[in-house]
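Topology and contacts: notes
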Amino acid sequence: MEISVISIVESTSVDGPGLRTTVYCAGCGHRCKGCHNPQSWDINSGTLTDVTILADRLLATGEDITFSGGDPMFQAEAFGELAATIKSKSNRNIWCYTGFRIEQLLKNSKTLPLLQNIDVLVDGQFELALRDENLLFRGSSNQRLVDVKKTIEKGEVVIYEPMNLLSPLLMKYKRIEN
Ligand code: SF4
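Notes on the structure in this doc start here.

Thresholds, definitions, all that
Residues numbered from 1 in each chain as written. Predicted model: local features only at pLDDT ≥ 70, side-chain atom pairs only at ≥ 80, totals over all residues. Buried ≥ 20, exposed ≤ 12 C-beta atoms within 10 Å, placed from the backbone. Helix = DSSP H or I, 4+ residues; strand = E, 2+ residues; numbered from the N terminus. Arc of directions from axis to C-beta. Pairing = 2+ DSSP bridges. Right-handed = clockwise from strand over helix to strand, strands pointing away. Near = placed C-beta within 6 Å. Nonpolar A, V, L, I, M, F, W, Y, C, P; charged D, E, K, R; others polar. Core = buried A, V, L, I, M, F, W, Y, C linked by C-beta atoms within 7 Å.

Observations regarding helix H1 (residues 51-61)
- Where H1 is concerned, the buried positions are Val51, Leu54, Ala55 and Leu58. Down the axis, H1 shows its buried residues gathered within 100 degrees of arc, on one side only. Exposed residues lying more than 90 degrees from the buried face of H1 are Ile53 and Ala60.

Observations regarding the pairing of strand S5 (residues 94-97)
- In S5, alternate side chains face the same way, and those of Ile94 and Cys96 on one face and Trp95 and Tyr97 on the other are all buried.
- Examined bridge by bridge, strand S4 (residues 64-68) and S5 share three bridges and lie parallel to one another. Paired with Phe67 across the strands is Cys96, a residue of S5.
- Handedness of the crossover joining S4 and S5 through helix H2 (residues 76-89) is recorded here as right-handed.
- Pairing between S5 and strand S6 (residues 120-123): three bridges, direction parallel. Paired with Tyr97 across the bridge in S6 is Val122.

Re the site of the ligand
- With respect to spatial proximity, 13 residues lie near the ligand, and among them Cys28, Cys32, Cys35, Gly99 and Phe126 are the closest.
- Grouping the amino acids of the shell around the ligand by side-chain chemistry returns four nonpolar, seven polar and two charged.

With respect to the nonpolar core
- Counting 36 residues, the largest nonpolar core has Phe79, Leu82, Ile118, Val120 and Leu121 as its most contacted members.
- At six residues, the largest contribution of residues to this core is made by H2.

Some thoughts on the pairing of S6
- Burial of the side chains of S6 extends over both faces: Val120 and Val122 are buried on one face and Leu121 and Asp123 on the other.
- When S6 meets strand S7 (residues 144-147), the two strands line up antiparallel, connected through four bridges. Across the sheet, residue Leu121 finds its bridge partner in S7, namely Val146.

Here it is in structure tokens:
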């Protein structure tokens, strides 16, 4: 299987906690007003890259991983294979951005395998009227950081709490103060 990839950026800190490697894919049909990356909408704007080669490249970085775009859900089967390959060979934390809601994706047999192999889904379209630059890892307040494993376990949407992201940092400062 192949994924249409626009770019791969290593050591980024804007697409999830810590330093991560982000795969920016081509293809998105949401056409959100104010989209930061409209050149990614066309699936043909990327370079077709074999999933096995992509997995090896991502595993070689040693960093956690984020899938972004575009919208990876428009290539969900190939991203599902990529995520499963990475999880079978490592304990890398995987985040994924999408304009869909997790409730829709859980009902779709093409997107479910991808969900089963990621940790956090940042879901929902970008809403220009709800744009907030102070939000952590998302552009507008309607978007959610969803804890995918807990959501599947409980059968209801469980939000990934930003405090979970901040607590290691707070503990570090506490140690310095003491
Ligand atoms: S989902 Fe993301 S890439 Fe797609 S149109 Fe909306 S903001 Fe742009």
